Amino acid sequence: MDATDRDAPELVSELTLSWRVDEVFSLGDHVIQLAKGTQWNNEHAGLRIGNIGSDFNILTDMDLGELPIIGTELRGETLYLAQASTTGVALPVAEGEKPGPETYAFLMRALDLSQLPEVGIIDSVEVQLDERVFGADLQGLWVSEDTLVWQSSQEYWSWRGGIAFDDPARATDVAFWPGGSSGSRFLAFDTVTADGVQFLSDFDLELDNVWNFSSGFASGGKIYLSYQKNEFEGPE
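Residues numbered from 1 in each chain as written. Predicted model: local features only at pLDDT ≥ 70, side-chain atom pairs only at ≥ 80, totals over all residues. Heavy atoms only, no water.

Our focus in this paragraph is the nonpolar core. Side chains of nonpolar character tend, in soluble globular proteins, to be buried together. Ile70, Tyr80, Phe106, Met108, Val133, Trp150 and Phe189 are the most contacted members of the largest nonpolar core, which has 18 residues in total. Contributing elements (two or more residues each) for this core: strand E6 (78-84), strand E8 (102-112), strand E9 (120-129), strand E11 (147-167) and strand E12 (170-190). With 16 residues, the next largest nonpolar core counts Leu27, Leu64, Leu81 and Leu111 among its residues. (Core = buried A, V, L, I, M, F, W, Y, C linked by side-chain atoms within 4.5 Å. Buried < 20%, exposed > 50% of the residue type's maximum accessible area, 1.4 Å probe, protein only. Helix = DSSP H or I, 4+ residues; strand = E, 2+ residues; numbered from the N terminus.)

What follows is the structure, given as structure tokens:
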């Protein structure tokens, strides 16, 4: 800061002393640092490249936009990123009409890391979804050589109540138990097509009275997973 004129100080240089890092990868002689970003305070996602011996010496600093990173998958020298909006945007409508239903942006990027510290964008595709994708650590599953599926799991809980009667005129007990639904969501992308990365499908496996979905395991074109389930029995 040049304060020669104290009424109008002038910024002449700046030095970044620290920055956010949420996930780290190493590739060859380089360190890949990811800041996943948040929408609540408008913090952009970002990628930085440093040397393994001096990771504070940033060689590449790449802004990845306002959508937070919720999934990462490093395969060889390609880094796949899933980014998703946490707030909905109403569909555009004609003037004078009521706002349309909200949609949520989901963006997948494929980044080329073969020429580090230079980073190239192989391709990206953004889709608008009717429902928000929950979770901040989606799992990448390869169901085939070219098909990448992102798995997100979420749970919804509520309390259910019941009243037991031992006489038509008198209630003797009030019982409450947890209930709700849980699901695992799968978003599939083809990573190798003539038109680049292509969105294939969005499948939500939502079930009642289940919870604790496992991480998926992909084999032979299928995804295997497990979960726990409640079964309630009424009074005898």
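Further notes follow.
Relative to the helices and strands, Thr147 is located in strand E11. Here the side chain of Thr147 touches Ser144 through a polar contact of 2.9 Å, side chain to side chain. Those residues in contact with Thr147, other than ones at most four positions away along the chain, are Leu141, Trp142, Phe189 and Leu200. (Polar contact = N/O pair within 3.5 Å; in protein donor to acceptor, adjacent residues only side chain to side chain. Contact = heavy atoms within 4.5 Å.)

The next point concerns unusual backbone geometry. Along the chain, Leu116 connects to Pro117 via a cis peptide bond; the corresponding omega equals 10 degrees. Positive phi, normally seen in glycine, also occurs at Asn42, with a value near 60 degrees. Following the sequence through the fold, Asn42 ends up in the loop between strand E2 (30-35) and strand E3 (46-51). By relative accessible area, Asn42 is classed as exposed at 66%.

Once that is clear, we can look at the confidence of the model for the chain. Per-residue pLDDT for the chain has a mean of 84; in total, 80% of the residues score no lower than 70. In this model residues 157-180 is a low-confidence stretch, pLDDT under 50, and it forms 40 contacts with partners more than four residues away in sequence or in other chains. (pLDDT = per-residue confidence, 0-100.)

Evaluation of the coordinates by the stated rule reveals six salt bridges. Residue Asp22 pairs with Arg20 through a salt bridge whose shortest N-O separation is 2.8 Å. Residue Arg48 pairs with Asp61 through a salt bridge whose shortest N-O separation is 3.6 Å. Here Arg48, found in strand E3, pairs with Asp61, found in strand E4 (residues 54-63); they are 13 residues apart in sequence, far enough to count as distant. (Salt bridge = Lys/Arg side-chain N within 4 Å of Asp/Glu carboxyl O.)

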